[in-house]
Amino acid sequence: NAGVTQTPKFQVLKTGQSMTLQCAQDMNHNSMYWYRQDPGMGLRLIYYSASEGTTDKGEVPNGYNVSRLNKREFSLRLESAAPSQTSVYFCASSRTGASYMNTEAFFGQGTRLTVV
Amino acid sequence: GIQVEQSPPDLILQEGANSTLRCNFSDSVNNLQWFHQNPWGQLINLFYIPSGTKQNGRLSATTVATERYSLLYISSSQTTDSGVYFCAVGRGATNKLIFGTGTLLAVQP
């Protein structure tokens, strides 16, 4: 059981380049999330998706776009990378909604992105 | 928004010692999770514990929702327990997690 899978694990970009981080989950969760973690800090929410076809901004959405391709996949795109986007990116998924008692979130292994 | 505070920020233990980590949060929540981030950066789920007490081997956790705090107990610590321990809380239908800044634990042999 793979859980949440992210690709790539590492990436170096030059300022102004674009890239897409991929995330897939096999737990049949309806909600998916993208977080970033900067040194010495906890994770902060970039975007989330409560269901296929819906997305919404989190705490730090500037410079990012997302796509909820289907129930399994949620991608994060950097259109024009900046050094301030150097971070570790985590994808997560969980069940949400009034009919679910257990909303435990599970995280992928992270993508370490450096923008030079 | 909800504030999440963890204490202590840093902790150094000798192998075999016990420790208690604390998480305070500023509003009611319907999700509280404890994670261990290992030295390779992986986030490991330890407990999903919006209320009550749970135990898993040498680790246990208690959340007192009415008083807005949670405690993580580590007994007989091992070097493999080293890393950062995060508390995260969520509320409402979206389950957006808000993380504390973590407790950095170093267990020395």
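The structure this text deals with has already been given above.
Worth saying up front: this structure is predicted, and the values here are computed from it rather than measured.

Another point: the overall build of chain A. When helices and strands are tallied, chain A shows 0 helices and 11 strands. Ordering the α and β elements of chain A from the N terminus gives β-β-β-β-β-β-β-β-β-β-β. At 14 Å, chain A has a C-alpha radius of gyration in line with the 13 Å of a compact globule built from 116 residues. The principal-axis extent of the C-alpha atoms belonging to chain A is close to 45 × 25 × 25 Å. In chain A, which comprises 116 residues, the proportion classed as buried is 48%. Accessible surface for chain A amounts to roughly 5,500 Å². Of this, 50% is attributable to carbon and sulfur atoms. Once the 11 positive and 8 negative side-chain charges of chain A are each reduced to a mean point, those two points are 5 Å apart.

Another point: the interface of chain B and chain A. The interface is formed by 19 residues belonging to chain B together with 21 residues belonging to chain A. Summed over both sides, the interface of chain B with chain A buries roughly 1,600 Å², with 52% coming from carbon and sulfur. Summed over the three residues of chain B that lose the most area to chain A, namely Leu43(B), Tyr48(B) and Lys96(B), the buried surface amounts to 29% of that side. Across the chain B-chain A interface, the total number found is 10 residue pairs in polar contact (both at pLDDT 80 or more). Of all the secondary-structure elements, those providing two or more residues to the side of chain B that touches chain A are strand 4 (31-37) and strand 5 (43-48) of chain B. A per-element tally of the side of chain B that touches chain A places strand 4 of chain B first, with 4 residues. Residues of the side of chain B that touches chain A, tallied by class, amount to 7 nonpolar, 11 polar and 1 charged.

Residue and element names in this part refer to chain B. Ordered in space as 1-3-8-7-6, the 5 strands form an open sheet in which the pairing is antiparallel. A single partner strand is all that each edge strand has here, and the edge strands are strand 1 (4-7) and strand 6 (52-56). Neighbouring strand axes in the sheet, compared pairwise and without regard to direction, differ in orientation by 15° on average.

Reading guide: rules and limits
- As a convention, each chain's residues are numbered from 1 in the sequence order in which they are written.
- Written order determines the labels here, with chains lettered from A and ligands numbered from 1.
- Selection of residues for local features in this predicted model requires a pLDDT of at least 70, selection of side-chain atom pairs for listing and counting requires 80 or more, and totals for whole chains, interfaces and linings are taken over all residues.
- For the side-chain quantities, the full set of heavy atoms in the structure was used; hydrogens and water were omitted.
- In this text, helices come from DSSP runs of H or I with a minimum length of four residues, and strands from runs of E with a minimum of two, each type numbered from the N-terminal end.
- Between the two quantities, the radius of gyration covers C-alpha atoms and the globule rule is 2.2 Å times the number of residues to the power 0.38.
- Relative accessible area decides the class of each residue, using a 1.4 Å probe on protein chains only: under 20% of the type maximum gives buried, over 50% gives exposed, and in between gives partly exposed.
- Accessible surface is estimated by sampling points in the Shrake-Rupley manner with a 1.4 Å probe; for residues, cover comes only from the protein chains shown.
- Charged-residue counts in this description rest on Lys and Arg as positive and Asp and Glu as negative, His and the chain ends being excluded.
- Each charge is placed at NZ for Lys, CZ for Arg, CG for Asp and CD for Glu.
- Should any heavy atoms of two residues lie within 4.5 Å, those residues are counted as being in contact.
- Accessible-area loss on putting two parts together, using a 1.4 Å probe and summing over both, is the definition of buried area adopted here.
- Definition of a polar contact: a pair of N or O atoms within 3.5 Å, with one able to donate and the other able to accept a hydrogen when the atoms are protein atoms, and with sequence-neighbouring residues admitted only if both atoms are side-chain atoms.
- Lys, Arg, Asp and Glu make up the charged group, whereas Ala, Val, Leu, Ile, Met, Phe, Trp, Tyr, Cys and Pro make up the nonpolar group; the residues left over, Gly among them, are polar.
- When DSSP finds at least two bridges between two strands, those strands are taken to pair.
- Comment: axis = line fitted to C-alpha atoms, over the contacting stretch for helices; angle = value between 0 and 180 degrees taken between N-to-C directions.

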